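Below, each chain spelled out in residue letters.
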Amino acid sequence: MSNAERPLTGDFRADGRPLGIGEYEKTGGYLALRRALKEMSPAGVMDEVKDSRLRGRGGAGFPTGSKWSFVPSGADVFSSGPKFIVANADEMEPGTFKDRILMENNPHMLIEGMLLGAYATGADCAYIFVRGEYFGSARAIGKAVAEAYGKNYLGKNILGSGFNLEMHLHMSAGRYMCGEETGLLNSLEGKRAIPRTKPPYPQVSGFMGRPTVVNNVETLCNVPHIIRNGAEWFRGLSRGFSGDGGTKIYGASGRVKRPGAWELPIGTTAREILEEHAGGMRDGFRFRGLLPGGASTEFLLEEHLDVRMDFDSVQKVGSRMGTGTMIILDDRTCPVGMQLSLQKFFARESCGWCTPCREGLSWVVHMLGAIEEGQGEMEDIDLLLEQARLLAPGHTFCALAPGAAEPLGSGVKYFRQDFERHIREKHCPWKIKNS
Amino acid sequence: MLSGAELNEIEKELRAYSDRKMGCIGALKIVQRHRGWITDEALRDLAGYLEMTPDELDSVATFYPLVFRRQVGRHVILVCDSVSCYNVGYEELLWHLMKRLAIGLGQTTADGRFTLLPAACLGVCESAPAIMIDADVHGGLEPPEKVDQILNSYE
Amino acid sequence: MEDKKLVTVYIEDKPYRVRPDQSMLDACLSLGFDLPYFCWHPAMHSVGACRQCAVKQFKDENDRKGMIVMACMTPAGEGTRISIKDPEAVEFRAKVIEWLMLNHPHDCPVCDEGGECHLQDMTVMTGHAYRRTRFRKRTHRNQYLGPFVNHEMNRCIQCYRCVRFYNDYAGGRDFGVFAAHDNVYFGRQEDGVLESEFSGNLVEVCPTGVFTDRTLKMHYTRKWDLQTAPSVCVHCGLGCNTIPGERYGTLRRIRNRYNGQVNGYFICDRGRYGYEFANSATRIRRPYRITYGKAGEKIENALEEGKVLPHVKSLLQGAKGIIGIGSPRASLEANYLLKKFCGPGNFYAGFSDAEFNLVGRIISVLTGGPVKAPALREVAEADAVFVLGEDVSGTAPMLGLAIRQAVRQKPVEAVIKSGIPAWNDYAVRQAVQNDKGPFFIATSAATRIDSLAEGTFHGAPDDIARLGFAVAAAISPEAPAPDGSLPEAAAGLVPRIAARLREAKRPVIISGTGAGSRAVIEAAFNVAKSLFDSGKDAGLCYVAAECNSIGLGLMGGKSLREAVGAVRENRADTVIVLENDIFDRLSAPEAEALLSARQVISIDHLPNHTVSMAHTVLPAAVFAEGTGTFVSNEGRAQRFYRVYVPAGQVEESWRWLSEFLAASAGAKFFTVDDVQRAMAGELPAFGGVPAAAPPADFRISGLKIPRQPHRYSGRTSIHADVDVNEPKPPADPDSPLSFSMEGFDGRPPSALISRFWAPGWNSVQAVNKFQSEVGGRLRGGDPGQRLIGPAGKEKSLPYFTGIPAPFTRLEGKFLVVPLYHVFGSEKLSALSPPVSELVPSPYLALNPEDAGELGCTEGMEIRLIVEDVFFRLAARLDASIARGVAGFPLGLPGLHGITLPSWGRIGIPPGVREAAEESGEDRA
Ligand SMILES: Cc1cc2nc3c(=O)[nH]c(=O)nc-3n(C[C@H](O)[C@H](O)[C@H](O)COP(=O)(O)O)c2cc1C
Ligand code: SF4
Ligand code: FES
């Protein structure tokens, strides 16, 4: 595939080092910014993004252009005063590593995307919220921000346009909840990362109570390309089976031959990703199921592999595209153990704010632990399913617990025999085999 | 007492925020980088410096797993226990590390060299199973013995 | 509040008209539905954390599927349609309880909260009954939080109400939530005494037994075994409504009694924990007279029942001139009967002369001026506040809490206008950030609420008054301006304060007797009048020191110094002192002169200097042992009721005085109602007193209102150690309340609410059922009757013109000004052991530069001489104190008997400086 078909990753250096500002400019970097500042109004940039049918790559798939359009521009309290744009680089969804790749390889692309987002929404201050473990990304971004200031892509009166943007890097200190956009804003304010109510949405009252746009790194990285090449070009990048535009960085981890991430047209099938790009299962391992887009999506089985990986199609087969990075379960891994690992993560990362998540997930972990250890009871299975049903969107304060319920409900449903076998045989069949 | 070097770094960190309190997470991490962990005394000193009470600062500090409020060893090993690593041999790796270091999760070796902590997905799932020692990620630790060599390079 | 249009919402498909500025939980509770909740609190609103208030919401009448929403986070909009009974919602609510119960210890039998636990109530309400988990419960370590609040963290259900009250609402900063996920912990960073003077509210805010009343624990009694009656706090002049609880003749605890206009849901720790003076072992419980033995030693001769009156009668008959000293901590009824007994010409108000004048000035201003005295609730809703001279955090703590809310009014209003509903608490806080409405404070030294203020000034009272006068003059050209200049810090504030007050719609000016300055009080009036004249809905709030200061002020009388004169000049040889220690009001020589009368009769409940000099002592009931009326600082007459009949020969003071009247052939008063009727008839100022509460013959369906809950246990055996025969319950001629569990069990008139309870609602949350809408007024109106109101605009007092000259330092002297502490400055509460633990040790606050000139360092012992009285005190350096001024923490142990402000001299006792220098050298 040519670089034009892989706008996000096509220009990466072969040695895996980040593109410097000169290199980035040589690939056409900052042209979009120049063009926007010179030729386009903020509304024009916003319209182009709307037109491109770019949908958020943070997992929920919310159309980016319409998200931006909720930033108030009238004359009320929120319209006057500072506004913010924040890149969500928390990337703590298990199985997900795409944003890291983008930041480590081409940090300027993110900066330019944020510049365009800021220009479109009237923001004058930007934060890049990077998870605490991403030292590589932070180094690359820190350097790139300094370079961009050096060339007046950032700072006051950018390129003589009168447009200003300050940009700061924030290194986090752990907690999955920081990735949830309102938890992120609390964390950015130096508080505990508990989520906030919506409404008011961050676009109205976000960072420091001011209008704030929070976008995923991959989402923002698409924006320079959209502005440079046009919405129509962008829409054409996808396989065109759904309304979604552009490419997507898909990934695969687990016992596949070549775990990794690949930029592919939106709508590529799961099977193609698994078999062609990830090279299929490792020798000696059979495919049992996968989580299509990070830990907080429903399991899919062999029979679902031909699903097109776009937001709507994956939904139709009962899961979500999420972050588009799939996690593969093989036949030599215990599905109860995997479930326990998943739920331990969610229980531990719960912020402790709302009851169902704080208490329910820890109960789920106790039950899964008991089953895995051979101390399970048959009623536990129904209790697990009940918990998965109760941890539904709207029942909890934010989407963390419902995210946990997705692999829980589907996992118990699809692998019920394995759960029952643990309970009947009073031990984990996989552990015996392995030891 | 916060050291001059710590204060310099903290002041630099605070520039990104319009209110001193907002920089508290970064400031905690700076102090931790200098001292390994946040003692009660460091917490009080830093709180005072940021115009917070110790209670306010600790409320934030104890929320975040990468802020250590208990003593840790010279090197902290974060063992990813999330799903991608689990699926490719996390348990064997953890087992091996515990045997090799003779400590359990949450513990520090007798010589104060390593502390072993569980960690959420480190974002390097393509090279699972993975661990992180201080600021370095080490992936592809299958079979687990691969880790032995790595440990040797941390004194 | 502006008049909001109503909207129609549907609950179980039935239409209801409700206010749109509330959440559906508010609306449901106000409509009387039972809907469980935890994280929501009517004063702190919604955050949606606990997920307990789940209901089903439907898009419209055709939507049969609906979706689960949290009622507390759902606006009551036109056409909003919900179901509480929907099976899915019912199931979910039970499951929320199940989750909370996974780790809850189920230790109700040994838990102090048992029987009044919101968690118990909600568990029963949702129907959750069976435990389905077999795993071990999480456990936590508890903390020592001081003498007031006990901590038992394992019971926590993580509703976050404690932090939301302590930190967000009350501004505490030494408490918080720690850690994350199912390990969150509520407490302090380390063990230690909670710093907030509102910490005791945690006990009522916490829905279960994490935070409980530590003083109750020391003499524990279940809620259902407490005998309770409505009462009024006696520890400052604000008149917060309380519910004391008694068992076995001792007071066990104080709880808040909701009054929508006054204290709302909260009271301060002084009010909650000050009660134990009532249980003191040193209480005077029998009448006695003093005789002198051969060696001149004093002998206490008990006066048996039946001997008291003949003794008194003989005293009075032999008297050549009887004078009475009233009391600002005694009931109106007692003061009135004393006045009646002695005759108006022989009644002396029991204030110091200085305070007498200040209170008189306040009353004349509130009745003769154009500006109303706001209720606490109105202060909390003010959109600008200017405090002149009064350290409210020390003298009237709840006023500080009200100011804390007022400071948010203006920014919150702006946020509401932009579409975020007021009840969405965290969203509002997020949008408000650190914005504060206008609040200025001018006091002698920094106070606990200074950090809220936009501007502060610290100076001598005269300079504070001049600041006030200048602000008034800046607002209205008709108000006189001070000549000469103001201190620089004050001068800069004048235009800012004036501008910010002018922008406000409902500004409140606060002052009081605390600074001891008439000029300060007058300056506050000028500011308020200038605002009123420029069309503002202004309020003028004066703090008076004691629970009945304003009542006594309205009663009038003569000044205490005149009483001294009467004795000195032999115009009187018999002095009756009503619930008062004269040594707090007069200098020691004067007090001694007054008490040198031939006969001194003291009616009081605890020994004090006056009691020790009296010849006849009659034991008085404390507030919880008697019935009567206090008048609060806003002029609100409020009735308090006898909670229990005290042991011994203790009587309410007014009853002793009624006996006096009878003994001297006057008419005897048999009931409080009798006294009130006579008082109202005779003194027009008290015409409203009878209306403050229903009369004693009030009945509902022929029934009295019981002081004991219907589950009160052991009634027939409670006296069994004395007599196995069950006694007849005591009669109560003074109120419609009975000393039993029989009677009307429903919702009584608001002034007669002895406890908040409703079927299914055993916790204090039952208060919802007593309000006309949650957080609003009690049904039938909040208790109390305003006795004073502003004069008509035309008849209003003119501006005061007595502007003091600027404060100037005097060589070798210091102006000693009073300072106040929540614990210690008020005497009765300081007698309560848990409170006394927190009383600071005496000190004198000095500006560090002055201290430097004196050669004195922090903590050094210094000597203060004021009005010929010596004090040995530790120096405390306080940069907020102006030069030439010294701060004297009035009321701390040993620190009374002088009238402040006053000029004093400071010396360093010989040897002290040298000793300090030596130890300094040792250290170096
Ligand atoms: C528990 C939780 C964790 C999340 N973590 C991330 C994350 O790490 N990175 C991210 O971009 N979005 C994350 N999201 C989604 C964000 O809330 C938000 O939807 C996203 O940043 C919006 O960006 P987009 O519109 O560009 O997708 C998370 C959501 C939840 C509920
Ligand atoms: S679902 Fe509730 S407890 Fe869980 S992370 Fe969200 S708000 Fe926190
Ligand atoms: S009361 Fe509604 S969620 Fe807690």
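Conventions used here
Residues numbered from 1 in each chain as written. Chains lettered and ligands numbered in written order. Predicted model: local features only at pLDDT ≥ 70, side-chain atom pairs only at ≥ 80, totals over all residues. Heavy atoms only, no water. Helix = DSSP H or I, 4+ residues; strand = E, 2+ residues; numbered from the N terminus. Rg over C-alpha atoms; globule rule 2.2 N^0.38 Å. Buried < 20%, exposed > 50% of the residue type's maximum accessible area, 1.4 Å probe, protein only. Contact = heavy atoms within 4.5 Å. Areas by Shrake-Rupley, 256 points an atom, 1.4 Å probe, with all protein chains shown as cover. Near = heavy atom within 4 Å. Nonpolar A, V, L, I, M, F, W, Y, C, P; charged D, E, K, R; others polar. Domains from an automatic or database assignment. Polar contact = N/O pair within 3.5 Å; in protein donor to acceptor, adjacent residues only side chain to side chain. Buried area = accessible area lost by both parts, 1.4 Å probe. Salt bridge = Lys/Arg side-chain N within 4 Å of Asp/Glu carboxyl O. Pairing = 2+ DSSP bridges. Axes fitted to C-alpha atoms, helices over the stretch in contact; angles between N-to-C directions. Parallel < 35°, antiparallel > 145°, perpendicular 65-115°, else oblique. Left-handed = near helix turned anticlockwise from the far one by under 90°. Arc of directions from axis to C-beta. Core = buried A, V, L, I, M, F, W, Y, C linked by side-chain atoms within 4.5 Å.

Give me the lowdown on the overall build of chain A, citing residues and values where you can.
Helix and strand content of chain A: 18 helices and eight strands. Since a compact globule built from 435 residues should have a radius of gyration of about 22 Å, the 22 Å found for chain A is in line with a globular shape. Dimensions of chain A, computed from the C-alpha atoms along their principal axes, are close to 75 × 45 × 35 Å. Looking at chain A as a whole, 68% of its 435 residues are labelled buried. Contacts in chain A between residues at least 24 apart in sequence constitute 70% of all its contacts with a sequence separation of at least 6. For chain A, the exposed area adds up to about 13900 Å²; of that, 51% sits on carbon and sulfur atoms.

Please provide a residue-by-residue account of the site of ligand 2, values included.
If you check the shell around ligand 2, you find 13 residues, and the closest are A:Pro195, A:Cys351, A:Cys354, A:Cys357 and A:Cys398. Tallied by class, the residues present in the shell around ligand 2 amount to ten nonpolar, three polar and no charged.

Report on the domain arrangement of chain B, specifying residues and quantitative values.
According to the domain assignment, chain B consists of domain 1 (4–63) and domain 2 (75–152). Its C-alpha centre places domain 1 of chain B at a distance of 28 Å from the equivalent point of domain 2 of chain B.

Lay out the site of ligand 1 in plain terms, naming residues and giving numbers.
All names here are of chain A. What surrounds ligand 1 is a group of 18 residues, the closest being Gly58, Lys67, Asn215, Asn216 and Thr219. Between ligand 1 and Asn216, the relevant distance is 2.6 Å, taken from an oxygen atom to a side-chain nitrogen or oxygen of the residue. Burial of ligand 1 by the protein chains amounts to 90% of its free accessible area of 610 Å². Ranked by the residues each element gives to the shell around ligand 1, the list is headed by strand β4 (residues 212–216), at three residues. A class-by-class count of the residues in the shell around ligand 1 yields five nonpolar, seven polar and six charged.

Quick one: what's the story with the domain arrangement of chain A, residue by residue and with numbers?
Residue and element names in this part refer to chain A. When its domains are assigned, chain A resolves into domain 1 (3–237), domain 2 (249–330) and domain 3 (335–433). Counting from both sides, the interface comprises 23 residues of domain 1 and, opposite them, 18 residues of domain 2. For the pair domain 1 and domain 2, the two sides together bury roughly 1500 Å², of which 59% comes from carbon and sulfur. Among the salt bridges present, the one from Asp312 reaches Arg55, with a minimum N-O distance of 3.4 Å. Linking domain 1 with domain 2 are eleven residue pairs in polar contact (both at pLDDT 80 or more). Among the elements that make up the side of domain 1 that touches domain 2, the one with the highest residue count is helix α5 (residues 98–105) (three residues). By residue class, the composition of the side of domain 1 that touches domain 2 is nine nonpolar, eight polar and six charged.

Residues and numbers for the interface of chain B and chain C, please.
At the interface, 16 residues of chain B touch eleven residues of chain C. With both sides pooled, the region where chain B packs onto chain C buries about 990 Å², and carbon together with sulfur makes up 40% of that total. Counting across the chain B and chain C interface gives two salt bridges. When the shortest N-O distance is used, the salt bridge between C:Arg173 and B:Glu56 registers 2.7 Å. Viewed at the interface, chain C and chain B are joined by seven residue pairs in polar contact (both at pLDDT 80 or more). Every element with two or more residues in the side of chain B that touches chain C is listed here: α3 (40–49) and α4 (54–61) of chain B.

If you had to explain the pattern of salt bridges to someone new, which residues and values would you point to?
Under the criterion given, the structure shown has 113 salt bridges over all chains. Note that A:Glu104 and A:Arg100 form a salt bridge whose closest N and O atoms lie 3.5 Å from each other. Here A:Glu104 and its partner A:Arg100 are both found in helix α5, four residues apart, which amounts to about one turn of the helix. A residue is classified by how much of its surface remains accessible, and A:Glu104, at 25% relative accessible area, is partly exposed. Judged by its relative accessible area of 9%, A:Arg100 is buried. Here C:Asp533 makes a salt bridge to C:Lys529, at a shortest N to O gap of 3.5 Å. With a gap of four residues between them, C:Asp533 and C:Lys529 both fall in helix α17 (residues 518–533), about one helical turn apart. C:Asp533 gets classed as partly exposed once you look at its relative accessible area, which sits at 30%.

Got a sec to walk through the sheet that holds strand β8 (residues 325–330) of chain A? Specific residues and values, please.
All names here are of chain A. Spatial ordering of the open sheet is given by β6-β5-β8-β7, a layout of four strands whose pairing is mixed. Two strands bound the open sheet, and with one partner strand each, they are β6 (260–265) and β7 (287–291). Pairs of neighbouring strands in the sheet enclose a mean axial angle of 30°, with direction left out of account.

Tell me about the packing of helix α2 (residues 31–39) of chain A against helix α6 (residues 107–121) of chain A, and name the residues and values.
Residues and elements named next belong to chain A. The interhelical angle for the contact between α2 and α6, taken along N-to-C directions, is 15°, at an axis separation of 9 Å. In terms of orientation, α2 lies roughly parallel with respect to α6. In this structure, α2 meets α6 at a crossing whose hand is left-handed. Between α2, through Leu31, Ala32, Leu33, Ala36 and Leu37, and α6, the contact on the second element is made entirely by Glu112, Leu115, Leu116 and Tyr119. For the contact of α2 with α6, the class distribution of residues is eight nonpolar, no polar and one charged.

I'd like a rundown of α3(B), residues and numbers included.
Residues and elements named next belong to chain B. Buried residues of α3: Ala42, Leu43, Leu46 and Ala47, and no others. Buried positions in α3, seen along its axis, are confined to an arc of 130° and lie on one side of it. Considering only its buried residues, α3 is in contact with α1 (4–14), α2 (24–35) and α4. In the segment just after α3, Glu51 is the residue with positive phi, at about 60°.

How would you explain the interface of chain A and chain B if you had to name every residue and give the values?
Contacts between the two partners involve 54 residues from chain A, matched on the other side by 40 residues from chain B. Between chain A and chain B the total buried area reaches about 3600 Å² when both faces are included, carbon and sulfur atoms providing 56% of it. When the area that chain A buries against chain B is broken down by residue, the three leading residues are A:Glu133, A:Ala173 and A:Arg192, summing to 16%. One salt bridge connects B:Glu126 with A:Arg100, and the closest N-O pair in it is separated by 2.6 Å. In this assembly, chain A and chain B are joined by 21 residue pairs in polar contact (both at pLDDT 80 or more). Elements with a contribution of two residues or more to the side of chain A that touches chain B: β3 (166–171), α8 (181–188), β8, α13 (335–349) and α18 (429–434) of chain A. When residues of the side of chain A that touches chain B are assigned to their parent elements, the largest contribution, seven residues, is made by α13(A). Here the residues of the side of chain A that touches chain B sort into 23 nonpolar, 16 polar and 15 charged.

I'd love a proper account of the pairing of strand β2 (residues 114–119) of chain B, names of residues and values included.
Residue and element names in this part refer to chain B. Extensive coverage of β2 is indicated by the burial of five of its six residues. In this structure, strand β1 (residues 75–80) lies alongside β2, joined through six bridges in parallel fashion. What sits directly across from His75, in β2, is Phe114.

Break down the nonpolar core for me, with residues and values.
If you look at the biggest cluster of nonpolar residues, it comprises 305 residues, and the most contacted ones within it are C:Phe165, C:Phe186, C:Leu399, C:Ile403, C:Phe439, C:Ile510 and C:Phe888. With nine residues, helix α14 (residues 355–372) of chain A is the largest single contributor of residues to this core. If you look at the next biggest cluster of nonpolar residues, it comprises 93 residues, including C:Ile464, C:Leu531, C:Leu540 and C:Tyr542.

Explain the packing of helix α19 (residues 560–568) of chain C against helix α20 (residues 588–595) of chain C to me, and be specific about the residues and the numbers.
Residue and element names in this part refer to chain C. Interhelical geometry of α19 versus α20 gives an angle of 50° and a closest axis separation of 8 Å. In terms of their interaxial angle, α19 and α20 are classed as oblique. Crossing handedness for the pair α19 and α20: left-handed. Residue-level contacts link Leu560, Arg561, Ala563, Val564, Val567 and Arg568 of α19 to Pro589, Glu590, Ala593 and Leu594 of α20. In the contact of α19 with α20, the residues fall into seven nonpolar, no polar and three charged.

Report on the sheet that holds strand β30 (residues 785–786) of chain C, specifying residues and quantitative values.
All names here are of chain C. Pairing in this open sheet of three strands is antiparallel, and the strands run β26-β27-β30 from one edge to the other. In this open sheet, the two strands that pair with only one neighbour each are β26 (628–631) and β30. Bridging between strand β27 (residues 636–640) and β30 involves two bridges; their strand directions are antiparallel. Looking at the pairing, Ala637 lines up with Gln785 of β30.

Help me get a handle on the side chain of C:Asn103, residues and values and all.
Here C:Asn103 shows up in helix α2 (residues 87–103). Polar contacts involving the side chain of C:Asn103 include one to the side chain of A:Glu359, which spans 3.0 Å. Here C:Arg138 takes part through its backbone nitrogen, which lies 2.9 Å from a polar atom of the side chain of C:Asn103. For C:Asn103, the residues in contact, after removing those within four places along its chain, are A:Glu359, C:Arg136, C:Lys137, C:Arg138 and C:Asn154.

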